[in-house]
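Examination of the molecular architecture
As a plain string of letters, each chain reads:
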Amino acid sequence: MKAKDTKTVVGNIDPDVLHFTVGKDPILDLKLVKWDCLGSAAHVTMLTKMKYTPRLFSKQDRNNVVVELQEIMKRVEKDEFIITEADQDCHLAIERTLTEKLGDVGRRVHTGRSRNDQVATAIRLYIRDELLCTMEENIALANSLISFGKKYKKLPMVGRTHLQPAMPSSVGVWATCYGEGLLDDMHGLWSAFDFTNRNPLGSAASYGVPLPTDRPLTAALLGFAEPIHNVMYAGNSRGKTEYVAVTALSNVMLTLSRLAEDLIIFSMPEFAYFKLPKEFCTGSSIMPQKYNPDVCELIRGKAARVMGLVTSIAATVKAMAGGYNRDLQDTKELMMEAFETTRAALRIMSRLVSGITPNPERLREAFEPGVFATDRALELVASGMPFRDAYHQVRDNLEALKSMDPDNVIAQKTHTGATNGLDFEMYADWLKNQKEAIVEERKKIDKAFAGLLKPLK
Ligand code: ARG
């Protein structure tokens, strides 16, 4: 050991090298402590049941480890668990703590696993939980948008293409467009959930161990659907899991960003279709009259950021050789930022949407005659005229459309999903099914964890 080296659980390391390689792990890993404790509880429970002599853990030893792990989980909740630079990360901090409390029993915990499968497991548990939270928040916002749409389903709003006035539409169609968009984004989130819900634990450094470990058991104890079969793939899927999850988040942000952009445009005084809640707008330091839609602008910016995080993760792993590589550590921060950003955007947008007030006068005033042109042409079709002839006749007589009434016109569109054909019962069922599916998954996970933490008799 050189005089200046730092002593760590896994050897002595030059302090500059330690500082560089540890990076932000002592802070970021605080979010993984709970999940790593659960992973460790499953691992030690499996080792206790494993047919192997000499016996690694008696039931009492195992129970003591699980009690200490729960103690660590409580301490981290209260901000009382510290990961030092010499610990490197949460995994070695937890091992150090167990060893301080339990001596040799603590020193046995790492038998048959590597930090590589350990961190991959903790990250999957973290992502699985974050995905469920994101889904809840996503459904809450979809619900707000659909309720808003239902309340104003008969309120006319000009439908636009190229941002130019196009056809008569409604506030109901506009709001449920984004509500349904978020419901559709649930497909990606569930797909990421299923991808994540397999267990890498027991793959060790990526090549397994010469011990009769029971990987299906640890998978069941952690509420995973199954173990990831191939040990090397279990390791290689780190980074890819983050990529899949963050891609699903970026789809949500894409929906939010377009909603935010619409709100920015339609709350401009020139449109004034909607008034954003005052508390969601900020003033200017020089212009006394200002109320700016900063929240929406920042959501647009955050969307760009989450899309950048997808690219950063992909770039980190795309040319990585098979097996563990330390740059995987960096995907952790990218993934965590994506969840934090997306979830904050969903929560603030839910509050904003429930405070929007439409302005019926301005919404109706925007119906310049041309907006009715297509509807009028289709009226002529009803009297037997070929569509192209009707098209030209209307085009040459746009002023004649002045007398058309937006309320009447939007009542005429009764087919699926149009102004007067929106199926709010279908939306209510869709929302309910999604909520129930989330509760169902939570129940399965909670049941697994409750069983895992019980003492062995
Ligand atoms: N903190 C590390 C990470 O996030 C843990 C794994 C370290 N493994 C290793 N072989 N150095 O990747």
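What counts, and where the lines are drawn
Residues numbered from 1 in each chain as written. Predicted model: local features only at pLDDT ≥ 70, side-chain atom pairs only at ≥ 80, totals over all residues. Heavy atoms only, no water. Helix = DSSP H or I, 4+ residues; strand = E, 2+ residues; numbered from the N terminus. Contact = heavy atoms within 4.5 Å. Pairing = 2+ DSSP bridges. Buried < 20%, exposed > 50% of the residue type's maximum accessible area, 1.4 Å probe, protein only. Expected span 1.5 Å × (residues − 1). Core = buried A, V, L, I, M, F, W, Y, C linked by side-chain atoms within 4.5 Å. 1 Å grid on protein atoms, 1.4 Å probe; cavity = no way out; pocket = protein on both sides within 12 Å on 5 of 7 lines; lining within 4 Å. Points joined across faces, edges and corners; volume = space filled by probe spheres on them. Nonpolar A, V, L, I, M, F, W, Y, C, P; charged D, E, K, R; others polar. Axes fitted to C-alpha atoms, helices over the stretch in contact; angles between N-to-C directions. Parallel < 35°, antiparallel > 145°, perpendicular 65-115°, else oblique.

A few points about the environment of Pro455
Along the polypeptide, Pro455 turns up in the segment after α18 (424-453). Sequence-distant contacts of Pro455, that is, excluding residues within four places in its chain, are made with Arg62 and Asn63.

What to know about the pairing of strand β3 (residues 156-161)
As defined by bridge partners, β3 adjoins strand β4 (residues 164-170) across six bridges and the pair is classed as antiparallel. Directly across from Val158, in β4, lies its bridge partner Pro168.

Structural notes on unusual backbone geometry
Cis geometry marks the peptide bond from Thr53 to Pro54; its omega dihedral reads 0°. Phi is positive for Ser206, close to 130°, though the residue is something other than glycine. On the basis of relative accessibility, which here comes to 1%, the residue Ser206 falls in the buried class. The residue Ala272 is not glycine, and still its phi comes out positive at about 55°. Looking at the element boundaries, Ala272 is found in the loop between α11 (240-266) and β7 (274-275). The buried category is assigned to Ala272, whose relative accessible area is 17%.

Here's the deal with helix α5 (residues 90-102)
The first and last C-alpha atoms of α5 sit 18 Å apart over 13 residues, in line with the 18 Å expected at 1.5 Å per residue. For α5, the full list of buried residues reads Cys90, His91, Leu92, Ala93, Ile94, Glu95, Thr97, Leu98 and Thr99. Looking at the buried residues of α5, the elements they touch are α3 (33-49), α4 (59-77), α6 (104-108) and α7 (115-151). Looking one or two residues beyond α5, the residue adopting positive phi is Gly103, at roughly 60°.

Quick word on the nonpolar core
Ranked by size, the top nonpolar core spans 122 residues in total, and within it Trp174, Leu256, Leu263, Phe274 and Met349 carry the most contacts. Ranked by residues supplied to this core, first place goes to α7 with 15 residues. Apart from residues lying up to four places away in sequence, Leu256 is in contact with Leu141, Leu182, Ile299, Ala345, Leu346 and Met349.

Re empty space enclosed by the protein
Following the criterion strictly, the structure yields one cavity of 30 Å³ or more and no others. A volume near 40 Å³ is recorded for the largest cavity. Mapped onto the lining of the largest cavity, the elements with two or more residues apiece are α7 and α11. Here the lining of the largest cavity is built from residues that sort into three nonpolar, two polar and three charged.

Things to note about the packing of α3 against α4
Where α3 meets α4, the axes come as close as 9 Å, and the angle between the chain directions of the two elements is 175°. By the angle class used here, α3 and α4 are roughly antiparallel. Between α3 and α4, the residues in contact are Val33, Lys34, Cys37, Leu38, Ser40, Ala41, Val44, Thr45 and Thr48 and Lys59, Arg62, Val65, Val66, Leu69, Ile72, Met73 and Val76, respectively. For the contact of α3 with α4, a count of residues per class yields 11 nonpolar, three polar and three charged.

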